[in-house]
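Next come the chains, spelled out residue by residue.
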Amino acid sequence: MSDVIIRVDNLGKRYRIGAQQQRHDTLRARLVELISSPLDYLRTTLKAASDAEILWALKDISFEVKQGEVVGIIGRNGSGKSTLLKVLSRITAPTAGRADIYGKIGSLLEVGTGFHPELTGRENVYLNGIILGMKKNEVDRKFDEIVEFAGLEKFLETPVKRYSSGMQVRLAFAVAAHLEPEILIVDEVLAVGDVAFQQKCLGKLQEVSHEGRTILFVSHNLGVMMELCSRAILLHEGEIVTSGTTGDVVKTYVSKYSAQTHELVTTSYQTGAAITKVALLDSQQQSVQVVDYKLPFYIEFQFEISESLLALSQWVRLENQFGVSVLFAWLAYQQAYQPGVYRASCEIPRELLTPGRYYVDIGLTNHRVHAYSQAHKCLSFDVISEDAAFDPNDSDWGVVYPKLSWRVEENGNGATISKSNLVNAYKKR
Amino acid sequence: MKNKMTTRAIKDNSNQPHIQIIPPQGWGNLALHEVWKYRELLWFWTLRQIKGRYRQMALGPLWVLLNPIIYMIIFSLVFGGLAKLPSDGVPYPLFTFTALLPWHYFFDGVNWSVNSLVSQKEVMSKIYFPRIILPVSSMLSALIDLAVAFLVLIVLMIYYGIAPSWHILFLPFYVLFAAATGLSVGLWCATVAVRFRDIQFAIQYGLNAFMYATPVAYSASLIPERWLWLYQLNPMYWVIEGWRWSLLGTGQPPQIYMLFSILIVVFLLISGLYIFRHQERTIADWI
């Protein structure tokens, strides 16, 4: 059966940026403004409606989803993915166009909302289930299954505020996972909990999709998306760039952003040397945007020397998504340069960076005394891993995740557990 | 064959609700049937508020009883004892307690429903349900508090040996009148409070001032005759006098003039519903 279950027709959502700013101002401030300078007040209020301050978070979005399809939505932050899900799950109304949904819709936009910290686990399961759209007798029926899924049998009568954040998330996901809507909207829920629990969640989603239910799935984890989704839609700046099989769309996504020539903004401190081009390359010299944790990659940049320099050195700095400076790599020796165009390449070894997003700073310097040219955040890239253990929003993993050599032995015995065994044990997991 | 087709069509219709997502157009309809569809949520949300409110308090739900008792003691000392205000021939503590119950119902209901959206902004930005559940459940949870506190009133009436007459049959009407008044204020202000947090404070002061425009601590017989027409426009005047009339036999019996007040509340309630409905679809953008 190929019934259309979601039909989206020229959907658009407009935000007034001016209007958004208003949320911090107060009635009093506006009254004062109105009384003290009525003309200015009028002018700014009218100006708020002008086109310059209008942002179309979604524009002319049209697509269809058939029953039983698992469709992934890909796009960078701010591309409109979340807005699309919010409109489809009726949290906010669209500005233009329409969408028709034929079936019960359930969303996992964010799990655990509506938990009351003072209430017990049991009470919250009921409350959360009903908020998410279950009937009370449905919760009754699934209660044991939910609790077992969360693994929190012992803490049912404990107020949720005494739960660790991991426990709260597990309980919340367990409730949400037992919803039985025809259409499930999933937004980044896999970014929670420990490895074992994530596998469980992924399994549950696969189970749901095999049952013939429709899923709209948003994630930054391209690996999971390839695994789960049969089809994908690529959004950029609120518009659909392409849609098709997940593999193709992911490829387009990856190449689009790597093919995109970055507008290089450099700061020059001194004439003589300037950075002119930057690129992120894989070992095949292909420009990339997403790199595999298991493979090395290269930060390459071009610089131009306009006058003879006696000593010049290059550096690269990586910052992660939490704004932490992860590494500073400096070419330790300086070199003299004749005018011309040069290329520098810095290899980032495999199995070093924790999966997540990184920003690159590049600089040219003379023994760090004279800075010639600097490019701040001139590149950004994602390190991904098939290992679902990584939560891109969790800083607990540390800024680096290197493979180090280990030695474990039983005290007094001297017998060592061989290294290869350990590796196998890891792989099995 | 034909028969089979028909059953199939019917089945499809019942199994697959059709949800239309379109831009808000005009003032739309009130879609009150959705509240019925979500009645279990309404009930659980009300329970959540009641249960959550008194957790981790040593006295817990006893506060529902203590609150009006404390006010009764203060008012009895200040207005009944020091100022010696008349109390229509009823012992002053009973006189003011009978008014404090509906007043606190109104006060808490308005406060909670005005804040109901602001305090649940997290839920509102994540999950869809008819937002009107929030202010309505605030009024409901206040109603349950009222029912509990009513037990104290029964004890007081027994203590003072005052038995209600058949007037008590009118009491549910006055409770409903207070509920409608509170909800209309809540509906008008709740969405505005999301945009302007000032409303929360303004409501606090407004309500405190409003109490003195309502015969809670004093008898309405103190109001000069020529101002009575204005004074009696206040719906809460009728609610409180109505409580006294139906329980104690004093106060103001229902009158034709009360219709003005009722009309005001009906108007505020219906317009409040429309305003709320108009705002709720995009309220998540303001959070």
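Preceding this section is the structure that the text describes.
Residues numbered from 1 in each chain as written. Chains lettered and ligands numbered in written order. Predicted model: local features only at pLDDT ≥ 70, side-chain atom pairs only at ≥ 80, totals over all residues. Heavy atoms only, no water.

## Here we look at the pattern of salt bridges
When the charged atoms of two side chains lie near each other, side chains of opposite charge can form a pair.
All names here are of chain B.
Reasoning step 1: Scanning the entire structure with this criterion turns up 20 salt bridges over all chains.
Reasoning step 2: A salt bridge links Arg277 to Glu280, with the shortest nitrogen-to-oxygen separation between them at 2.6 Å. Of the two residues, Arg277 and Glu280 both sit in helix α12 (residues 258–280), three residues apart, roughly one turn of that helix.
Reasoning step 3: Under the relative-accessibility criterion, Glu280 is labelled buried at 10%. (Salt bridge = Lys/Arg side-chain N within 4 Å of Asp/Glu carboxyl O. Helix = DSSP H or I, 4+ residues; strand = E, 2+ residues; numbered from the N terminus. Buried < 20%, exposed > 50% of the residue type's maximum accessible area, 1.4 Å probe, protein only.)

## Remarks on unusual backbone geometry
Keep in mind that most residues, glycine aside, have a negative phi and that most peptide bonds are trans.
All names here are of chain A.
Reasoning step 1: The residue Asp60 is not glycine, and still its phi comes out positive at about 45°.
Reasoning step 2: Inspection of the secondary structure assignment puts Asp60 in strand β2 (residues 54–66).
Reasoning step 3: With a relative accessible area of 52%, Asp60 lands in the exposed category.
Reasoning step 4: Here the phi dihedral of Gln285 falls at roughly 65°; this positive angle occurs in a residue that is not glycine.
Reasoning step 5: Topologically, Gln285 is positioned in the loop between β11 (273–281) and β12 (290–292).
Reasoning step 6: Classification of Gln285 as partly exposed rests on a relative accessible area of 48%.

## Quick notes on the sheet that holds strand β13 (residues 297–305) of chain A
Residue and element names in this part refer to chain A.
Reasoning step 1: In spatial order, the strands read β11-β13-β17; together these three strands make up an open sheet with antiparallel pairing. Whereas interior strands pair on both sides, the edge strands pair on one side only; in this sheet they are β11 and β17 (340–348). On average, adjacent strands in this sheet sit at an angle of 20° to one another, irrespective of strand direction.
Reasoning step 2: Two strands pair when backbone bridges link them, and β11 and β13 are joined in this way by eight bridges, in the antiparallel orientation. Counted as the bridge partner of Leu280 is Ile299 from β13. (Pairing = 2+ DSSP bridges. Axes fitted to C-alpha atoms, helices over the stretch in contact; angles between N-to-C directions.)

## Considerations on the interface of chain A and chain B
Reasoning step 1: Each partner contributes residues to the interface: chain A has 54 residues there, and chain B has 40 residues.
Reasoning step 2: Summed over both partners, the interface of chain A with chain B comes to about 4100 Å²; 58% of that surface belongs to carbon and sulfur atoms.
Reasoning step 3: The three residues of chain A that bury the most area against chain B are Arg90(A), Ile91(A) and Ile131(A), which together make up 17% of that side's buried surface.
Reasoning step 4: Linking chain A with chain B are three salt bridges.
Reasoning step 5: Inspection of the region where chain A meets chain B yields 10 residue pairs in polar contact (both at pLDDT 80 or more).
Reasoning step 6: Sort the elements by how many residues they give to the side of chain A that touches chain B and strand β4 (residues 96–102) of chain A lands first, with seven residues.
Reasoning step 7: The class makeup of the residues in the side of chain A that touches chain B is 23 nonpolar, 13 polar and 18 charged.
Reasoning step 8: When β4(A) meets strand β1 (residues 18–21) of chain B, the two strands line up antiparallel, connected through four bridges. Residue pairing in the sheet places Tyr102(A) in a bridge with His18(B) of β1(B). (Contact = heavy atoms within 4.5 Å. Buried area = accessible area lost by both parts, 1.4 Å probe. Polar contact = N/O pair within 3.5 Å; in protein donor to acceptor, adjacent residues only side chain to side chain. Nonpolar A, V, L, I, M, F, W, Y, C, P; charged D, E, K, R; others polar.)

## Digging into the nonpolar core
Reasoning step 1: Ile74(A), Phe217(A) and Trp243(B) are the most contacted members of the largest nonpolar core, which has 134 residues in total.
Reasoning step 2: Broken down by element, this core gets its largest block of residues, 15 residues, from helix α5 (residues 92–119) of chain B.
Reasoning step 3: One finds Val288(A), Val326(A), Tyr337(A) and Ile362(A) within the second-largest nonpolar core, a separate group that totals 34 residues. (Core = buried A, V, L, I, M, F, W, Y, C linked by side-chain atoms within 4.5 Å.)

The values reported here are purely geometric and, on their own, carry no functional implication.
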